[in-house]
Amino acid sequence: MDKIYNIETFNKFIKLLYIATAIGAFTDIFDTSVIGGSSVSIIKSLGITKPEFGLLGSMTFVGGIFGALSFGFLSDSIGRKKTFVLTLTLFIIFEFLSGIAPNYLLLLFFRTIVGFAIGADYVPAITLLSEFVMPDKRGSSFGFFWIMANMGALFSYIIAFLLVPLGALQWRVLFIIGVIPPIIGLLIRTKIPETPRWYAIKGDIKNAENSLNEIGLNVNDVKNYVKFNEKPGKLMKPYIFGVTIPLFIIMLLNIPASGLLELTPLMLISLHISKSYTLLFTAAAWVTPVIIGNIIAFKLIDKLGRIKMLVIGSIGLGIALILMVIFSQYYFNIILMLVSMASGAILQSFYIPVIYSLSTELYPTKIRGIGEGISISGIRLAGIIGLFGGALLLTYYKISGMLIGYSLICFAAVIVVIFWLGKKAETNKMVLEDIDKRFIKN
């Protein structure tokens, strides 16, 4: 484990790191929620159908697939810090352009680039947390990341509600407001050093020592970082069947999470709830409980471990979705339906920090970015299915079809976690290099 020689310097740095990474997460979910929070405004002002709206939301995830894969490679090649700054710069430019897009086709294009930047940003952000934070706090750092991310959703829906009187201008103002947090984040990110692990694996021991010294860690720890420095292809081989494939499948848990985040307002409208109040109900029954769940997960993740969090969250959300079907279609009770939704929102927050971060703990430093990029691309693919597929199911098979489909994914993920990924993937409180030893034979 890394040894801290200056606790004041290290704690100050960790706080800065938490803020720098969390602003990116806040920005992502704020932006994603703009689509859901202004769905009525977008559909009406652009004159598009629900499936076309689903495609618009999905393009963010399409771009994210390519952003995650390309910046996964770049993160390992040119470093975590450079990619950390570049991704937010791209987001700022194209988020602003989204707000002034003159038509549907250009908005689709701009949203794709925004998605590219978002997907790309998760790779260096979560990798930085994995490589800098102490093992016994690493899980909670991911939890904090998601508390701030979903604060973005809450702010987005509240601001969207306040801007309803703007009508067709609502979504444009929301996108432009979305530029403000990443501008602040960009200024903070320039102060974050490159990780000593990345420097060491590249053979730059002097800069690795400088980085350790800058953040208050013992420079003698460098010798622990140069392990497992074979060619990327050789390093990846033992991970493919036991980690890469099952993790990619588990990333499909983002299907219900992303679908419900963006489609809940439309789902509530179909239950004859007032359009303006759907935003408040979404904030109260989904977004706020998600934040509550994030806070609970923040406290539990380093106690229960990653695998238990995955299983509890997946089963819990699956059951909640079935209850939502019952109380919306068979024994109609809007209050119990919203309570079921809130319960599912809390429990899905148990697995979200894990699916986004587990790759950065399991893969060795030299291919950590690539491994995370593959997983994030799976998450973004799941987002496409969750939003576009969910919109189609909502249109043709109503609420029950969408929710039952989402629940089946949750239960399938549990099977993959228990019988395929298994206990070997548990990383709780372990030094990264010790985790590598489970998969790589010396």
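In this report, we go over the structure that sits alongside the text. (Residues numbered from 1 in each chain as written. Predicted model: local features only at pLDDT ≥ 70, side-chain atom pairs only at ≥ 80, totals over all residues. Heavy atoms only, no water.)

### Details of helix α18 (residues 398–421)
Piece 1. For α18, with 24 residues, the first-to-last C-alpha span of 34 Å sits near the 34 Å given by 1.5 Å per residue.
Piece 2. By the burial criterion, the buried members of α18 are I399, S400, M402, L403, Y406, S407, C410, A413, V414, V416, V417 and L421.
Piece 3. Buried-residue contacts for α18 involve α12 (240–250), α13 (254–269), α15 (306–330), α16 (334–362) and α17 (368–396).
Piece 4. Immediately beyond the C-terminal end of α18, within one or two residues, lies G422, with a positive phi of roughly 70°. (Helix = DSSP H or I, 4+ residues; strand = E, 2+ residues; numbered from the N terminus. Expected span 1.5 Å × (residues − 1). Buried < 20%, exposed > 50% of the residue type's maximum accessible area, 1.4 Å probe, protein only. Contact = heavy atoms within 4.5 Å.)

### Quick look at unusual backbone geometry
Piece 1. Unusually for a residue other than glycine, K398 sits at a positive phi of about 60°.
Piece 2. Structurally, K398 can be placed in helix α18.
Piece 3. Look at K429: it is not a glycine, yet its phi comes out positive at around 60°.
Piece 4. Among the structural elements, K429 can be located in the loop between α18 and α19 (432–436).
Piece 5. On the basis of relative accessibility, which here comes to 47%, the residue K429 falls in the partly exposed class.

### Regarding the pattern of salt bridges
Piece 1. Taken as a whole and judged by the stated rule, the model has 12 salt bridges.
Piece 2. Where R380 meets D28, a salt bridge forms, and the shortest distance between an N and an O atom there is 3.8 Å. Here R380 is found in helix α17, whereas its partner D28 is found in helix α1 (residues 7–37), with 352 residues between them in sequence. Accessibility classification places R380 together with D28 in one group, the buried group. (Salt bridge = Lys/Arg side-chain N within 4 Å of Asp/Glu carboxyl O.)

### Quick notes on the side chain of R306
Piece 1. Residue placement: R306 occurs in helix α15.
Piece 2. Given a relative accessible area of 0%, R306 falls into the buried group.
Piece 3. In this structure the side chain of R306 is engaged in a polar contact, spanning 3.4 Å, whose partner is the side chain of T427.
Piece 4. Beyond its immediate chain neighbours, meaning those up to four positions away, R306 contacts R138, G139, I301, V354, L358, E361, E426, T427 and N428. (Polar contact = N/O pair within 3.5 Å; in protein donor to acceptor, adjacent residues only side chain to side chain.)

### Thoughts on the environment of S38
Piece 1. Within the secondary structure, S38 sits in the loop between α1 and α2 (39–46).
Piece 2. For the pair S38 and V164, spaced 126 residues apart in sequence, the C-alpha separation works out to 8.2 Å.
Piece 3. Leaving out residues up to four positions away in the same chain, S38 has contacts with Q170, W171 and L174.

### Here's the deal with a nonpolar patch on the surface
Piece 1. On the surface, I315, I319, I322, L323, I404, L408 and F411 cluster together into a nonpolar patch covering about 540 Å² of accessible area.
Piece 2. Where the nonpolar patch is concerned, the elements lending two or more residues are α15 and α18.
Piece 3. Considering each element in turn, the nonpolar patch owes the most residues, four residues, to α15.
Piece 4. Relative to the elements of secondary structure, I315 occurs in helix α15. (Patch = residues over 30% accessible without salt bridge, like charges linked within 9 Å, V, L, I, M, F, W, Y side chains within 5 Å. Areas by Shrake-Rupley, 256 points an atom, 1.4 Å probe, with all protein chains shown as cover.)

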